[in-house]
Amino acid sequence: MNTANALAEATRRYTRTKKAHEEARAAAEQAVVAALRSGMRPTDVTNASPFTAAYVRRIAREHGIEPAAPGPKRAASN
């Protein structure tokens, strides 16, 4: 395989995997929203997801999920 063909193949592979990655991220974000709306604590959502706490907060706000009121929080229910 010559260099140009190798580059073209690598580009095709990158494009395919990039799309799959974006689809997986969107699915994970929707799962985060569903978990938060079901009452799961943001800390537990963060621990179970591939996202940071800041990104989970951002996802929540983008979907109209408000932060919890100040004060003691309920314990996690396993």
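Rules and cut-offs
Residues numbered from 1 in each chain as written. Predicted model: local features only at pLDDT ≥ 70, side-chain atom pairs only at ≥ 80, totals over all residues. Heavy atoms only, no water. Salt bridge = Lys/Arg side-chain N within 4 Å of Asp/Glu carboxyl O. Helix = DSSP H or I, 4+ residues; strand = E, 2+ residues; numbered from the N terminus. Buried < 20%, exposed > 50% of the residue type's maximum accessible area, 1.4 Å probe, protein only. 1 Å grid on protein atoms, 1.4 Å probe; cavity = no way out; pocket = protein on both sides within 12 Å on 5 of 7 lines; lining within 4 Å. Points joined across faces, edges and corners; volume = space filled by probe spheres on them. Nonpolar A, V, L, I, M, F, W, Y, C, P; charged D, E, K, R; others polar. Phe/Tyr/Trp six-rings, centres within 6.5 Å; stacked < 30°, edge-to-face > 60°. Axes fitted to C-alpha atoms, helices over the stretch in contact; angles between N-to-C directions. Parallel < 35°, antiparallel > 145°, perpendicular 65-115°, else oblique. Contact = heavy atoms within 4.5 Å. Expected span 1.5 Å × (residues − 1).

1. Details of the pattern of salt bridges
- Overall, the coordinates contain five salt bridges when judged by the stated rule.
- Note that E23 and K19 form a salt bridge whose closest N and O atoms lie 3.9 Å from each other. With E23 and K19 both in helix α1 (residues 3-37) and four residues apart, the pair spans about one turn of that helix.
- A residue is classified by how much of its surface remains accessible, and E23, at 47% relative accessible area, is partly exposed.
- Residue E62 is joined to R58 by a salt bridge in which the shortest nitrogen-to-oxygen separation is 3.1 Å. One end of the pair, E62, and the other, R58, are both in helix α3 (residues 53-62), four residues apart, so they sit about a helical turn from each other.
- Several salt bridges share partner residues, and in doing so they unite E9, R12 and R16 into one network.

2. What about the layout of surface pockets?
- Taken as a whole, the largest pocket encloses approximately 410 Å³ of empty space.
- Those elements that place two or more of their residues in the lining of the largest pocket are α2 (42-48) and α3.
- Of all the elements, α3 adds the most residues to the lining of the largest pocket, at five residues.
- Tallied by class, the residues present in the lining of the largest pocket amount to nine nonpolar, three polar and six charged.

3. Quick word on the packing of aromatic side chains
- Per the stated rule, a full pass over the model turns up one aromatic pair.
- Between F51 and Y55, the aromatic rings sit 5.0 Å apart at their centres with planes inclined by 55°, giving tilted as the arrangement.
- Take F51: its relative accessible area is 9%, and that puts it in the buried class.

4. What about the packing of α1 against α3?
- Packing of α1 against α3 brings their axes to within 10 Å, and their N-to-C directions diverge by 75°. Judged by the angle between their axes, α1 and α3 are roughly perpendicular. For the pair α1 and α3, contact is made by R25, E29, V32, V33 and L36 and by Y55, V56, I59 and A60, respectively.
- By residue class, the composition of the contact of α1 with α3 is seven nonpolar, no polar and two charged.

5. A few points about α1
- With 35 residues, α1 extends 51 Å from end C-alpha to end C-alpha; this agrees with the ideal 51 Å at 1.5 Å per step.
- For α1, every residue scored as buried is listed here: A28, E29, V32, V33, A35 and L36.
- Summarising the contacts, the buried residues of α1 are in contact with α2 and α3.
- In the stretch just after α1, G39 is the one whose phi turns positive, near 105°.

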